[in-house]
Amino acid sequence: MAVSHGRVPPRWMFGHAIVLAAAFLLPGLFVLIRTVGLGGDLVETLGDSLGPLGRTILLSTTVSVSAVVVGTGLAWLLVRTDLPGRRVLRVLVVLPLVLPSFVGAAAFLAAVAPGGPVHSVLGVIGVVPPRLSGLLPSWQILTLFTYPYVFLPVAARLLAIPPSLEESARLLGRTGRQAFFEVTLPQLRSAILSGGLLVFLYTVSEFGAVQLLRYDTLTRVIYSSRLSDRPTSFASASILILLAVIVVLVERNVRGSARVNERSERFTPASQPLGRWRAAAFGAVGVVILFGVAVPVSSLTVWAWRGIVGGRVNFSRLVMPAINTAFVGTLTAAVAVAVIVPLAVLVVRYRLRSSSAISAVVIAGFAVPGLVIALSLVSFAVNTPGVGWIYQTLPLLIVAYVIHFGAQAMGAAEDAVRAVPDKLRESSQLLESSALVRARRVDAPLMRPSLLSGGGLVLLSTIKELPATLLLAPIGFRTLATEVWGSYEDGRFAQVGVGGLVLISLSAVLTWFLVLKRSEAVVAA
Amino acid sequence: MLGRVLTNPLAGSARAGRTLNTGHTTAGLWLSEASVHIGGNPIVESASLDITPGTIVSLLGPSGCGKTTLLRSIAGLQRLSSGSITVGDVVIASDSVHLPPEQRRVGMVFQDGALFPHLSVADNVSFGLRGWAGSSDRANEVLALVDMAGFGDRMPGTLSGGQRQRVALARALAPQPSVLLLDEPFSALDAGLRLQVRRDVKKLITQIGITTIVVTHDQEEAFALGEQVAVMSQGAIHQVGAPNDLYENPASPWVATFVGEGIGLAGSFEGGYVSTAIGSLPARWVSASPKTAGASVIVRPEQLVLTAGGSAEVTDVEYYGHDVRYDVTLRDQSNVSVRSLSPEFKVGDRVDVNFVGTSVPAWPA
């Protein structure tokens, strides 16, 4: 690798990086400081938060564990066995990713509500489904919509492990099962841990689904007490931040530095014949797809269809939210990429130690729940003299999105910078003296694919975001997410169905191009 | 020539195994009409091979010829479709038997070494020694054998390519397998290193005296390593023999040109000679003598010499140091190559091509 000997980055890049780091750290720090500043009886407030904290930890742990089990199990079944139709199934099992978890939860609630498809089907045999609420359904539903975060990295890793490893183990006296546990599983460790971490952070910051399912976690407390009892709200937010930080640190420690060499090669792994287990395995995959995709989508479809037939769907109500969603999502993606790229240049091209610390700060922005970032920005805007006007404006909403999702553009931005290696830059300097022409004809075409996919990931997350949008959106500014949310709260299930389907379709298209095409190894192999 | 059985005076006699001074008990290996079909496609077609205990056999063939599949079926990583494989006096694979790999006592070194990246060198080597008394002593012993003593605590990621292959060999040898299989073991190494590692490995496996099959697509490697070489193409073993036997008495023009550079010439056969564009060559029929007069022969470049002045022209010169290779265009516009020790000619020189070998193999045209 070419090292930039003695090259010094332009000064503005440093300034930009420092401002960026400050912006990303600010919401978290502000919450912590504000918690102390609000005073109240700190000990008592913290004591009150113990219950919600326990529930957050219980839910996040159980969801992470089950997502790891389901994601890893599916990855093994669909990569390493002779299960029929595994190529198609590999695409289907990723589909729950397109459902924002609150839409998924709403779809399940609508499915078991009178008139919903599950209610109707069970009604035939005289069973009334219970109202979904509490830990059990929260755990089950969140598992369904988060296991792909484990499935994707583990399946990719499984495809990248040379079959000769397991074969060597066999020749050295191990049975197939022993070879898997002693040789393959240790190679999957880092993929499982990082996938599990994502699920844990996702669940810790989950708001919509637990709110609908009435499971009192910290996010629910933050949301419900944000106006009436600010000390409790801020204390809960602080605890949430500390929890996220602790989990990230623990995971880094456990994962250690023993990273397996990442190969770009793909292998056709030997497939394990399932034999008489084939039907059971097929059934297990089927159940996951049934509940992760078929039930929620059909529930939304049934309600939407009934509403359309009955003329109860107001399509014009969806036009503005759809436009707003596309607009604010695209703008956020563009801003995120624009602010992150200079940082990626510092990290990749100049290899500065301090810049990697700053990029860690950016990535930490993802660990802080969107609800907490929103709470912090609201409080900051309202309580800081002279900036009050920014509250409930579009710029503040976009700032919140960028802080929360900027990390998702980081990896792609680094790829984009790497796409123009030093040697290429130097040879283009010999051929073309104008930096502007070079940027247009050399840098831009090479960086475009990575930048688009980085921006696309931010866009995808933004359109699915709920709590920050609820807290920060300008009055009257409705997105698809808030529209679905509001319709559910008003009991207008038909509108939930139509809005949910539009949101899912949008996110499905983006997911197809961004997630599935990028993990071509997993889907096409 | 399909499936010709190795003709070795020792074959079949001492197959029960013999004990060597290194503590290894090696065994003979017998493939009988072994076939592997994958998805309806014949990958290996009735391959037969009889390997005397302690022999090193090279399995040589172009890529995709089925040699690796054959090796994997010996290891138990691939099921046979028909035929059988016997090690010592145990049938390990046949129509009715498929001994799983872990019960075959077969050691294998893969192209990429396949070291377990999460285990240290010592743990890799003792992986196959579970349940052994004194497994760490044994691990140290084999590491010393491959000249890697003192590397036990290193992780595979920190080793060079050559070191990795040495450790992979040590790991395969540690549980004292009856048969050792090497799948293109040196192809991932760069040229200089490859030669050194190859010599060390040959010395070691000769010392131990273990029955070994080396799969390679490189003729030089096959000849350098194998006491016997089996030439494979399109799923079939075409010929088995000692390297010099293959080179001098190839079973077919294809084998002749695959195991070395050969110039195919056509001519007519008469009284033990074939008259060709470079003159009348003493010929010997490889198969029974034909009824037709047309014949094709294979001439080796080192069987030809150039003399100054003549009707042929030198069109290219490649200087290798130890010898020189000339491309020569004959009067009838056909091309031959000539290897010579002296660099006396240059491009454009008029020369005459003379045959100086004893005889050439001939086939009916």
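See the structure printed just above.
Residues numbered from 1 in each chain as written. Chains lettered and ligands numbered in written order. Predicted model: local features only at pLDDT ≥ 70, side-chain atom pairs only at ≥ 80, totals over all residues. Heavy atoms only, no water.

Participant: Lay out the overall build of chain A in plain terms, naming residues and giving numbers.
Facilitator: Helix and strand content of chain A: 23 helices and zero strands. What you see for chain A is a C-alpha radius of gyration of 24 Å, in line with the 24 Å of a compact globule of 525 residues. Judged by the C-alpha coordinates and their principal axes, chain A covers about 80 × 70 × 50 Å. Looking at chain A alone, contacts between residues at least 24 apart form 82% of all its contacts between residues at least 6 apart. Summed over its atoms, the accessible surface of chain A is roughly 23000 Å², and 67% of this surface lies on carbon and sulfur atoms. With 43 positive and 24 negative side-chain charges, chain A shows a spacing of 5 Å between the two charge centroids. (Helix = DSSP H or I, 4+ residues; strand = E, 2+ residues; numbered from the N terminus. Rg over C-alpha atoms; globule rule 2.2 N^0.38 Å. Contact = heavy atoms within 4.5 Å. Areas by Shrake-Rupley, 256 points an atom, 1.4 Å probe, with all protein chains shown as cover. Lys, Arg positive; Asp, Glu negative; His and termini not counted. Charge placed at Lys NZ, Arg CZ, Asp CG, Glu CD.)

Participant: Please give an account of helix 5 (residues 191-208) of chain B that cites residues and values.
Facilitator: Residue and element names in this part refer to chain B. With 18 residues, helix 5 should cover 26 Å at 1.5 Å per step; its first-to-last C-alpha distance of 26 Å lies within 8% of that length. Within helix 5, burial applies to V197, R198, V201, L204, I205 and I208. The arc that holds every buried residue of helix 5, seen down its axis, measures 140°, which confines them to one face. Of the residues in helix 5, the exposed ones pointing more than 90 degrees away from the buried face are G192, R199 and K203. Check the buried side of helix 5 and you find it contacts strand 5 (56-60), helix 3 (135-145), helix 4 (161-173), strand 9 (179-183), strand 10 (211-216) and helix 6 (219-225). Just past helix 5, the residue G209 takes up positive phi, approximately 75°. (Expected span 1.5 Å × (residues − 1). Buried < 20%, exposed > 50% of the residue type's maximum accessible area, 1.4 Å probe, protein only. Arc of directions from axis to C-beta.)

Participant: Before we move on, could you go through the sheet that holds strand 6 (residues 82-87) of chain B and cite the residues and values that matter?
Facilitator: Residues and elements named next belong to chain B. Taken together, four strands build an open sheet; the order of strands is 4-3-6-7 and the sheet is antiparallel. Each edge of the open sheet carries a strand with a single partner, namely strand 4 (41-51) and strand 7 (90-93). Averaged over all pairs of adjacent strands, the angle between strand axes in this sheet comes to 30°, irrespective of strand direction. Taken together, the three bridges between strand 6 and strand 7 define a ladder with antiparallel strand orientation. Pairing of T86 across the sheet is with V91, part of strand 7. Packed onto the sheet, helix 1 (residues 67-75) meets strand 3 (29-38), strand 4, strand 6 and strand 7 and runs at close to 115° relative to strand 3. (Pairing = 2+ DSSP bridges. Axes fitted to C-alpha atoms, helices over the stretch in contact; angles between N-to-C directions.)

Participant: Would you mind going over unusual backbone geometry in detail, with residue names and values included?
Facilitator: Most of the time, phi is negative for any residue but glycine, and the peptide bond is trans. Residues and elements named next belong to chain B. Look at E33: it is not a glycine, yet its phi comes out positive at around 50°. Assignment of secondary structure puts E33 in strand 3. Backbone geometry places Q333, a non-glycine residue, at a positive phi of 70°.

Participant: Explain the interface of chain B and chain A residue by residue, including any values.
Facilitator: Residue-level contacts link 20 residues of chain B with 18 residues of chain A. Taking both sides of the interface into account, the surface hidden between chain B and chain A amounts to around 1800 Å²; carbon and sulfur atoms contribute 60%. Counting across the interface, chain B meets chain A through eight residue pairs in polar contact (both at pLDDT 80 or more). Only helix 1 and strand 8 (106-109) of chain B provide two or more residues apiece to the side of chain B that touches chain A. Each residue belonging to the side of chain B that touches chain A can be placed in one class, and the counts come to 13 nonpolar, two polar and five charged. (Buried area = accessible area lost by both parts, 1.4 Å probe. Polar contact = N/O pair within 3.5 Å; in protein donor to acceptor, adjacent residues only side chain to side chain. Nonpolar A, V, L, I, M, F, W, Y, C, P; charged D, E, K, R; others polar.)

Participant: Could you give an account of the nonpolar core, naming the residues involved and the relevant values?
Facilitator: Grouped together as the largest cluster of nonpolar side chains are 194 residues, with contacts concentrated most on A:V93, A:F151, A:V285 and B:L181. When neighbours within four sequence positions are excluded, B:L181 is seen to be in contact with B:L71, B:I74, B:A75, B:V106, B:G107, B:M108, B:V109 and B:I213. Residues B:V109, B:A168, B:V201 and B:V214 belong to the second largest nonpolar core, which totals 31 residues. (Core = buried A, V, L, I, M, F, W, Y, C linked by side-chain atoms within 4.5 Å.)

Treat this as a map of the structure, not an account of what it does.
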